[in-house]
Amino acid sequence: MGEPEYESVVLVKQEVFVYKIPPRQSNRSYRAADWNLQDPIWTGRLRMVAKGRSLCVKLEDKSNGTLFANCPIESYPGVAIEAVSDSSRYFVMRIQDGNGRTAFIGLGFGDRSDSFDMNVALQDHFKWVKNEEKIEKEKVEPKQQLDLGFKEGETIKINMKITKKDGSEASSRLTGKKTGAGGLLPPPPGGNKISPPQAGSPSHQPASSSSVAGTGAGQTEWGEFTSAGVQSTTADAAATPSKTNANWVQF
């Protein structure tokens, strides 16, 4: 057995007006201006009651709660309640008695906010009914699962960029060769190498101005250098062999 359904009051308005409406001519919409709005046939209370998915509007006496008319509503908008074309405060309602006989009456509110509240209550109820029907349908017919597997012969291609910690992009191939140890550049190709003077050799001793002056071409190229050198004694100059410039390369 299913769970018992309880009645819940959706909306209550303490004052509504009921009008007798003329027969509808052709298919044009109802107009409240065609009613005798100054002389309603009944004034009372409106209660909107929901029981499960069914909804009805009950027109009751304000003092003792006596039922004046009952309006079952299957859908909205629909035939049970229809808005008029010339006002937002008036509606045409189809009432029904216990024997199944129906009649159409005019329903009006004194304030537009009351009619707005009734519209919202009707829309919310049938929106809930629609969601419930959708949930039940999904239980019977579950959603189709998406097939995300690869078909036969199907491949994908992924392009990836790998970045270093400093934000630069890493390359799969090296674009250059490593340099020497310590980051020093290799020596230039070709050219003459200058041998450093050996300790204790005669060329390591400072030359005097008199010995350098007698060396011919050495005087021209090293004159300024020897003038700034340290002067030595005459004995040291005599002891210096004539091959002092043999270890130097002339540029």
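Parameters at a glance
Residues numbered from 1 in each chain as written. Predicted model: local features only at pLDDT ≥ 70, side-chain atom pairs only at ≥ 80, totals over all residues. Heavy atoms only, no water. Phe/Tyr/Trp six-rings, centres within 6.5 Å; stacked < 30°, edge-to-face > 60°. Helix = DSSP H or I, 4+ residues; strand = E, 2+ residues; numbered from the N terminus. Buried < 20%, exposed > 50% of the residue type's maximum accessible area, 1.4 Å probe, protein only. Salt bridge = Lys/Arg side-chain N within 4 Å of Asp/Glu carboxyl O. pLDDT = per-residue confidence, 0-100. Contact = heavy atoms within 4.5 Å.

1. Focus: the packing of aromatic side chains
For any two aromatic rings, the description comes down to two numbers: the centre-to-centre distance and the angle of the planes. In total, this model carries five aromatic pairs according to the counting rule given. Ring geometry for Trp42 versus Phe68: centroids 4.5 Å apart, planes at 5 degrees, classification stacked. With Trp42 in strand 2 (residues 42–51) and Phe68 in strand 4 (residues 67–73), the pair connects residues that are 26 residues apart, well separated along the chain. The buried category is assigned to Trp42, whose relative accessible area is 14%. Ring-pair connections join several aromatic residues into one group, and the members of that group are Tyr19, Trp35 and Tyr90.

2. Structural notes on the pattern of salt bridges
One side chain can pair with another of opposite charge once the charged atoms of both are near each other. Counted under the stated rule, the structure contains seven salt bridges. Note that Asp117 and Lys13 form a salt bridge whose closest N and O atoms lie 2.8 Å from each other. Here the residue Asp117 occupies a position in helix 1 (residues 112–140), and Lys13 occupies one in strand 1 (residues 7–19), the gap between them amounting to 104 residues. Its relative accessible area of 12% is what places Lys13 among the buried residues. In this structure, the salt-bridge partner of Arg45 is Glu60, at a minimum N-O distance of 2.8 Å. Of this pair, Arg45 sits in strand 2 while Glu60 sits in strand 3 (residues 54–60), placing them 15 residues apart in sequence. In this structure, Arg45 and Glu60 share a single accessibility class: buried.

3. Some points on the confidence of the model for the protein
The predicted model of the protein averages 75 in pLDDT, with 63% of residues at 70 or higher. Segment residues 172–182: pLDDT under 50, and one contact once partners within four positions in sequence are set aside and those in other chains are kept. Confidence drops under a pLDDT of 50 for residues 207–222, and excluding neighbours within four residues, the segment shows 13 contacts in the predicted structure.

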